[in-house]
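# Overview (structure and organization)
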Amino acid sequence: PFNVYETWAPLYASALLVDPGSYYARYAMGHACLELGENAQAVAELTQSLKADSSYLPAVASAGVAFLRDRKFARAVRLLKRVTAAEPTRARAWSSLGIAWLGANDPGEADGALRQALSLEQDHVPAICGLAYAAFFGGRGPEAIAKFSQVLAVRQDDPYVTKALALVKESATRTLWEDTFE
């Protein structure tokens with residue numbers, strides 16, 4: 001399928017040649033890189049954008065997601081908390097914050113943020129998946145299975161969720177002594 005960011009990224013690069021200090025061009029390039037899966041460049045561009053203007057909320061949100069993908073959870077949490085404080089009705093920001101809290105190993109904060117996302121958008125798949133992972137890693141296998149099954153009711157045949165559900169079900173029925181070690 002056509003990805004608009006593949007077309008726009010070279011335009012943003014040209015804009016940066018004209019005005020390397022433009023916070024907006026840095027943000028746009030960083031966001032395009034984020035959407036294209038080029039996370040290292042996204043982090044670099046978004047960091048530069050925030051140095052130029054730390055108040056531009058779309059750059060703060062994109063940088064939070066980029067740091068989340070880069071597994072820099074403390075940075076992601078700091079940025080995403082700013083987004084949820086400024087725009088408390090954004091389910092996506094709350095679910096991203098919740099997943100960052102999971103990565104930072106704070107399940108209580110994660111649970112609160114993920115549930116806030118669901119209060120805003122009942123079928124918000126990232127929040128449901130986040131709660132499923134929190135349940136799984138918290139030793140609550142049946143709850144994790146129920147959450148992943150809930151996602152499949154919304155997104156039938158989602159390969160990521162189907163695989164996650166299969167792994168959770170397998171781990172819920174296996175015991176340590178079933179494995180053989182060489």
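These remarks concern the structure in this document. Note that the structure is predicted; figures quoted are calculated from it, not measured.

Closest axis-to-axis distance for the helix 5 (residues 73-86)/helix 6 (residues 91-103) pair is 9 Å, and the angle between their directions is 155°. In terms of their interaxial angle, helix 5 and helix 6 are classed as roughly antiparallel. Between helix 5 and helix 6 lies a crossing whose hand is left-handed. Within the contact between the two elements, helix 5 uses Phe73, Ala76, Val77, Leu80, Lys81, Val83 and Thr84 and helix 6 uses Ala93, Trp94, Ser96, Leu97, Ala100, Trp101 and Gly103. Of the residues assigned to the contact of helix 5 with helix 6, the class counts are 10 nonpolar, three polar and one charged.

A word on the packing of helix 3 (residues 39-52) against helix 4 (residues 57-69). Axis separation between helix 3 and helix 4 bottoms out at 9 Å; the angle between their running directions is 145°. The handedness of the crossing between helix 3 and helix 4 is left-handed. Between helix 3, through Asn39, Val43, Leu46, Thr47, Ser49 and Leu50, and helix 4, the contact on the second element is made entirely by Ala59, Val60, Ser62, Ala63, Ala66, Phe67 and Arg69.

What follows deals with the pattern of salt bridges. Tallied over the entire structure, the rule returns five salt bridges. The partner of Glu45 in a salt bridge is Arg26, and the shortest N-O contact between them spans 2.7 Å. Residue Glu45 is located in helix 3, and its partner Arg26 is located in helix 2 (residues 23-35); the two are separated by 19 residues in the primary sequence. As far as the burial class goes, Glu45 and Arg26 line up, both buried. Between Lys72 and Asp70 there is a salt bridge whose closest N-O contact spans 2.8 Å. Classification of Lys72 by relative accessible area gives partly exposed; the value is 37%.

Thresholds applied
- Residues numbered from 1 in each chain as written.
- Predicted model: local features only at pLDDT ≥ 70, side-chain atom pairs only at ≥ 80, totals over all residues.
- Heavy atoms only, no water.
- Axes fitted to C-alpha atoms, helices over the stretch in contact; angles between N-to-C directions.
- Helix = DSSP H or I, 4+ residues; strand = E, 2+ residues; numbered from the N terminus.
- Parallel < 35°, antiparallel > 145°, perpendicular 65-115°, else oblique.
- Left-handed = near helix turned anticlockwise from the far one by under 90°.
- Contact = heavy atoms within 4.5 Å.
- Nonpolar A, V, L, I, M, F, W, Y, C, P; charged D, E, K, R; others polar.
- Salt bridge = Lys/Arg side-chain N within 4 Å of Asp/Glu carboxyl O.
- Buried < 20%, exposed > 50% of the residue type's maximum accessible area, 1.4 Å probe, protein only.

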